[in-house]
Amino acid sequence: MNGRRIGAILLLVAIAGLGYFVYSSEKENARFPFKFGLDLAGGTELIYEADISAINQNEIDTSMQTLRDVIERRVNLFGVSEPVVQVEQASIFAGGGSEYRLVVELPGVTDVNEAVRMIGETPVLEFKLLNPNVELDETGLPVNPDDAFIDTGLTGRYLESAQLEFLGGQAQVASEPIVVINFDSEGAELFAQITRDNIGNIVAIFLDGQAISTPVVRSEITGGTAQISGGFEPEEARDLARNLNFGALPVPIGLVGTQSVGSTLGQDTLNQGVFAGITGLAIVSLFLILWYRLSGFLAVLSLSLYVLVVLSLFKLVPVVLTASGIAGFILSIGMAVDANVLIFERVKEELGGGRNLREAIEEGFKRAWPSIRDANITSLLTAVVLFWFGTSLVKGFALVFALGVITSMLTAIIATRTFMLALPAIKHFWLKTGFSK
Amino acid sequence: MFVIKYKKIFLAIAGFIMLASVASLFVFGLNFSIDFTGGSSLEVSYSERPQIEQIQGVVAEKIEGATLVRPIGESGFSIRTPFISDDEREALSVALSEQGPEYAQEKVSSVGPVIGEELKNKALVAIIIVVLVIVFFVAFAFRKVNEPISAWWYGLIAIVALIHDVLIPIGIFSILHLDIDILFVTALLAILGYSVNDTIVVFDRVRESLQSNKELRIKENFSETVGKSLQATFARSINTSLTTLIVLLTLLVITGSAIHNFILALLVGVIAGTYSSIFVASPLLVAVYERKKKK
């Protein structure tokens, strides 16, 4: 036995091993199941636009991060399994500048309205100062309501916790429910500074853009706590405290896009995709064996290795599979054959030129290589642009396509080559193609 | 090689189809989906299909503006409306659920106008970048080949082939009034990658023949070199396209509506790509050479 044969046997063992891995990791509770996108598993995607106009340029990233964390906490509270919450920065080519978005993926939630409600209830908390120079009309109301209050920079971002308490206490009938909020250290400092500078002024507490409480500052407050007494019903106050705890949003957000796919539709698409993949692979294998004979059979072996390697990568990376991603993978099976076909045609030519078997195979690989390399580089470049272009849908396709291109090139030049060189001396007939003798 | 001999005929066919595609763009236009225009769409199903007029009536009553109702699948409808609020959508689903038995919402999507506009720009930029990257890469890969025609010609001709491959699916989608959505753009980009791959394999063979001719000091007419290279790669081009087409056809037959148009676009693109790499790119190489020789 020579080295080539040992290599070929190792590859066969690898095929068996990967096959077992892909198969066994689909059992329940296995460590590496396939991950499916919302269009296959069913679920809802919500896209929010963050209004960052009131935020300092250098604080945008932190604020967006906090926003993300807050929404994630809120989503987790509703028991959605494996939600994805991520910040996306979208640049608009035409206008310059950029916008910040929050993409929320909720697998299993197929009712958009319910999903929107789940997230939309999060309150935006702001502390504002009454503008002493505001113009008032005859009725004593500000001429321009936007001028009436000045931002202090103190928002729900600095909130650490909130709880419900009763003013007057001791279970008196007339006790008023209030919400007590505790700031984090930064917020406490800010709050102390604001109260110190504005003794005698009104600091209004805004909830979702509405002033709900307008207390007058009596003295500097250093402890980092504030009370909101807005004439609440006890239930209202309790909900507010709860919602504030789950997260007051540091940045106001607005819904700009939704996608939702029912779970049956997704399951159907997936089943069809898997069936199409297996059928396509079977027909391609048949074609390869009929046309390329023994070489075709070897190509089917390396094609199996290719499929198994890519499937394992999907599990290990992990790649989130979408309908277009699966189509990309199935398309790449067609393209993976290409490198093999290039090599076989070349080997056949070299055999025709009167070389012996080994020389023909070595020479065939050497000559096919520049074509394979250049062709795959251009495909990869396209995949990179696709990935950049990506919404999550397109990114899935691009990633699968790129993985497919790289893996197919490697399996063709490593596996097919090893298999061919491990062949014993056989008649050239088995390595020729089509109708030739 | 017959392709080179009758190159005028093959180029004329390609030119004619490209012109027809452009003409259909002017006549029929493109049917952009909500991905690009902004708006909301809803796919619903019943166990038994109600009359389409009934559904149209309900939609028109609940939603203002231009709406479109189309039957899909066995007993479902696809409804497209302008960008609607959550409350409006809620009201619409309630009304729709009363129109037939076992109402179910299969798919809901809604795209704000800002996102749509942004995507349109991004798609255009992505396609332009892919095309530029390919010209430069091809010119770079063939940089040592400057005789008898310059490396840039290879890049430019690859681009002509690509424009051919992209125009034809666009034309077909325009004639058939199919939706142009994100997946369609994805398909176009994938076609670009696939087709240039195909074209490069042929060019590569030309490059190799030119080099070996130079080393062995063989004088050969350029048209002949291209013809021989085409001959040598012919079986490979056909077989690779065939395997890809087999796979795509299986997908087209088996998969449902979700990615049907996507597969159709890829299928048309792969056919166009195979045609262009054999019958457009190489004949153009020879045409450029002959024109240069005349001068």
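Keep in mind it's a predicted model, so treat the numbers as computed, not measured.

Quick notes on the rules
- Residues numbered from 1 in each chain as written.
- Chains lettered and ligands numbered in written order.
- Predicted model: local features only at pLDDT ≥ 70, side-chain atom pairs only at ≥ 80, totals over all residues.
- Helix = DSSP H or I, 4+ residues; strand = E, 2+ residues; numbered from the N terminus.
- Buried ≥ 20, exposed ≤ 12 C-beta atoms within 10 Å, placed from the backbone.
- Contact = placed C-beta atoms within 7 Å.
- Domains from an automatic or database assignment.
- Axes fitted to C-alpha atoms, helices over the stretch in contact; angles between N-to-C directions.
- Parallel < 35°, antiparallel > 145°, perpendicular 65-115°, else oblique.
- Left-handed = near helix turned anticlockwise from the far one by under 90°.
- Nonpolar A, V, L, I, M, F, W, Y, C, P; charged D, E, K, R; others polar.
- Pairing = 2+ DSSP bridges.

Okay, the overall build of chain A next. Across its full length, chain A holds 10 helices and 13 strands. Residues counted as buried form 42% of the 437 residues belonging to chain A. Long-range contacts, defined as pairs at least 24 residues apart, comprise 72% of the intrachain contacts of chain A with a sequence gap of at least 6.

Between Val317(A) and the following residue, Pro318(A), the backbone shows a cis peptide bond with an omega angle of -15 degrees. As for its placement among the helices and strands, Pro318(A) is situated in the loop between helix 7 (263-316) and strand 13 (320-321). Positive phi outside glycine occurs at Arg293(A), with the angle close to 55 degrees. Along the polypeptide, Arg293(A) turns up in helix 7. Take Arg293(A): there are 17 C-beta atoms within 10 Å of it, and that puts it in the partly exposed class. Its identity as a non-glycine residue notwithstanding, His177(B) has a phi of 60 degrees, on the positive side. In this fold, His177(B) is placed in the loop between helix 7 (151-175) and strand 6 (179-180).

Let us look at the domain arrangement of chain B. Split into domains, chain B comes out as domain 1 (2-33 + 115-294) and domain 2 (39-111). On a C-alpha basis, the centres of domain 1 of chain B and domain 2 of chain B stand 41 Å from each other.

It is worth spelling out the packing of helix 7 of chain A against helix 9 (residues 222-254) of chain B at this point. Remark: helix 7 of chain A packs on helix 9 of chain B, axes separated minimally by 9 Å, with the N-to-C direction vectors making an angle of 150 degrees. Judged by the angle between their axes, helix 7 of chain A and helix 9 of chain B are roughly antiparallel. Considering only the axes of helix 7 of chain A and helix 9 of chain B, their crossing is right-handed. Note on element contacts: helix 9 of chain B touches helix 7 of chain A through Asn239(B), Thr243(B), Ile246(B), Val247(B), Thr250(B), Leu251(B) and Ile254(B), opposite Gln272(A), Phe275(A), Ala276(A), Thr279(A), Gly280(A), Ile283(A), Val284(A), Phe287(A) and Trp291(A). By residue class, the composition of the contact of helix 7 of chain A with helix 9 of chain B is 10 nonpolar, 6 polar and no charged.

Each side of the interface is counted separately: chain A has 60 residues, and chain B has 58 residues. Taken together, the residues that form the side of chain A that touches chain B break down as 37 nonpolar, 18 polar and 5 charged. Pairing geometry for strand 12 (residues 253-261) of chain A and strand 5 (residues 104-111) of chain B, over 5 bridges, is antiparallel. Residue pairing for strand 5 of chain B: Thr258(A) is matched across the bridge by Ser110(B).

For the rest of this paragraph, the subject is the pairing of strand 2 (residues 39-45) of chain B. All names here are of chain B. Burial analysis of strand 2 places 7 of its 7 residues in the buried class, the great majority of the element. Residues Gly39, Ser41, Glu43 and Ser45 point to one face of strand 2 and Ser40, Leu42 and Val44 to the other, with burial holding for every one of them. Of the strand pairs in this sheet, strand 2 and strand 5 are connected by 7 bridges, and their pairing is antiparallel. Paired with Leu42 across the two strands is Val108, which belongs to strand 5.

Once that is clear, we can look at the packing of helix 6 (residues 113-141) of chain B against helix 8 (residues 182-215) of chain B. All names here are of chain B. The N-to-C vectors of helix 6 and helix 8 enclose an angle of 5 degrees; their axes lie 11 Å apart at closest approach. Our classification of the angle between helix 6 and helix 8 gives roughly parallel. Note on element contacts: helix 8 touches helix 6 through Ile182, Val185, Leu188, Leu189, Leu192, Val196 and Ile200, opposite Leu119, Ala123, Ala126, Ile127, Val130, Ile134 and Val138. In the contact of helix 6 with helix 8, the residues fall into 14 nonpolar, no polar and no charged.

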